[in-house]
Amino acid sequence: SVAFEAVWDLAFEKSPYKWTVIGTQEELHSFTVADAMYFYRTYYAPNNASLILIGDFEIAQALRLAEKYYGGYAPKELPKYELPDEPEQKAKKERTQTHPLANANFLSLGYKIPDASHPDIAALEVIGSILTTGDGSILEQDLVQKGIASHVSAGPFRTRFPGLFSVSIQMAPGKSDNAALGPLNKALERIKDGKISEIGRAHV
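Residues numbered from 1 in each chain as written. Predicted model: local features only at pLDDT ≥ 70, side-chain atom pairs only at ≥ 80, totals over all residues. Heavy atoms only, no water.

K.L.:
Can you break down the overall build of the chain residue by residue, with the values?
P.N.:
The number of helices and strands found in the chain is eight helices and three strands. Helices and strands appear in the chain in the N-to-C order α-α-α-α-β-α-α-β-β-α-α. Principal-axis analysis of the C-alpha atoms places the extent of the chain at approximately 60 × 45 × 35 Å. Out of the 204 residues belonging to the chain, those deemed buried represent 24%. For the chain, the share of sequence-separated contacts (at least 6 apart) that also reach a separation of at least 24 residues comes to 67%. When the accessible area of the chain is evaluated, it comes to approximately 14900 Å², of which 56% is carbon and sulfur surface. In the chain, 21 positive and 25 negative side-chain charges are present, and the distance between their average locations comes to 2 Å. (Helix = DSSP H or I, 4+ residues; strand = E, 2+ residues; numbered from the N terminus. Buried < 20%, exposed > 50% of the residue type's maximum accessible area, 1.4 Å probe, protein only. Contact = heavy atoms within 4.5 Å. Areas by Shrake-Rupley, 256 points an atom, 1.4 Å probe, with all protein chains shown as cover. Lys, Arg positive; Asp, Glu negative; His and termini not counted. Charge placed at Lys NZ, Arg CZ, Asp CG, Glu CD.)

Here it is as structure tokens:
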């Protein structure tokens, strides 16, 4: 989680995704009752909420109960949010962090991608699978099965605003994260050049 938060903080300067949803320890301790009440009165409204029901229930009864307990709440006019312009990134950014509980290196990378409504998101989902899903995936074979890493994962975050395609590599004990960069870049070039078989595509 430390690496995940660091990547998003490093990737963006103006986007709301630079900051964690729940906030930092300092922010949590700085909240006042007035802050909490403002947030509740501003954003807790039926037109800004979803009710999710799971299980064995009667739909008609569920609708009656929803009306009973939530029907009296009036909608609110929500503040309009204007997304600030994110400066163009022209060079890669890097950060090295340590953590007292870490017992191996962890490599976390983020690549800028469009928002969730963009048609390329489906292709990015497939790329994530080609890279890390199943024993036949590229990084599973090149990193995990060769003892360089203990776990790999990759895929796009489906976000409202432009976000990141994430690659996470848990290095095997004693292995440097630099040992994973070569195989990762080689795999990305392979995908970029279309050097993926039709059989490989059919299995993802």
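K.L.:
Residues and numbers for the sheet that holds strand β3 (residues 163-171), please.
P.N.:
Taken in spatial order, the three strands line up as β1-β3-β2 in an open sheet, and their pairing is antiparallel. This sheet does not close on itself; its edge strands, each paired only once, are β1 (106-113) and β2 (149-156). When the angles between neighbouring strand axes are averaged without regard to direction, this sheet yields 10°. Direction of pairing for β2 relative to β3: antiparallel, over a ladder of seven bridges. Across the sheet, Ala154 pairs through a bridge with Val167, a residue of β3. Contacts from helix α5 (residues 120-132) reach β1, β2 and β3 within the one sheet, and its direction differs from that of β2 by about 170°. Most of the contacts of helix α7 (residues 178-192) go to β1, to which it runs at about 30°, and overall it touches β1 and β3. (Pairing = 2+ DSSP bridges. Axes fitted to C-alpha atoms, helices over the stretch in contact; angles between N-to-C directions.)

K.L.:
Help me get a handle on the layout of surface pockets, residues and values and all.
P.N.:
By volume, the largest pocket amounts to about 1500 Å³. Lining the largest pocket we find 33 residues, and of these Pro16, Trp19, Thr20, Val21 and Ile22 sit closest to its centre. Elements that contribute at least two residues to the lining of the largest pocket include exactly α1 (2-11) and α3 (33-43). Here the lining of the largest pocket gets six residues from one element, more than from any other, and that element is α1. In terms of residue class, the lining of the largest pocket is made up of 19 nonpolar, seven polar and seven charged. (1 Å grid on protein atoms, 1.4 Å probe; cavity = no way out; pocket = protein on both sides within 12 Å on 5 of 7 lines; lining within 4 Å. Points joined across faces, edges and corners; volume = space filled by probe spheres on them. Nonpolar A, V, L, I, M, F, W, Y, C, P; charged D, E, K, R; others polar.)

K.L.:
Quick rundown of the packing of α5 against α7? Include the residues and the values.
P.N.:
Remark: α5 packs on α7, axes separated minimally by 11 Å, with the N-to-C direction vectors making an angle of 135°. In terms of axis orientation, α5 runs oblique to α7. Considering how the two elements wind past one another, α5 and α7 form a crossing that is right-handed. Judged by residue contacts, Ile127, Ile130 and Leu131 of α5 engage Ala187, Leu188 and Ile191 from α7. (Parallel < 35°, antiparallel > 145°, perpendicular 65-115°, else oblique. Left-handed = near helix turned anticlockwise from the far one by under 90°.)

K.L.:
Summarise the side chain of Thr42; cite the residues concerned and give the values.
P.N.:
When you line up the elements, Thr42 lands in helix α3. With sequence-adjacent residues up to four places away left out, Thr42 is seen in contact with Lys76, Leu78 and Pro79.

K.L.:
Describe α7, and please don't skip the residues or the numbers.
P.N.:
Here α7 spans 21 Å end to end across 15 residues, near enough to the 21 Å set by a 1.5 Å rise per residue. Along α7, the residues that are buried comprise Ala180, Pro183, Leu184, Ala187 and Ile191. Angularly, the buried residues of α7 cover 105° about the axis, an arc narrow enough to put them on a single face. Turned more than 90 degrees away from the buried face of α7, the exposed residues are Asn178, Lys186 and Lys192. (Expected span 1.5 Å × (residues − 1). Arc of directions from axis to C-beta.)

That's the geometry; what it means functionally is another story.
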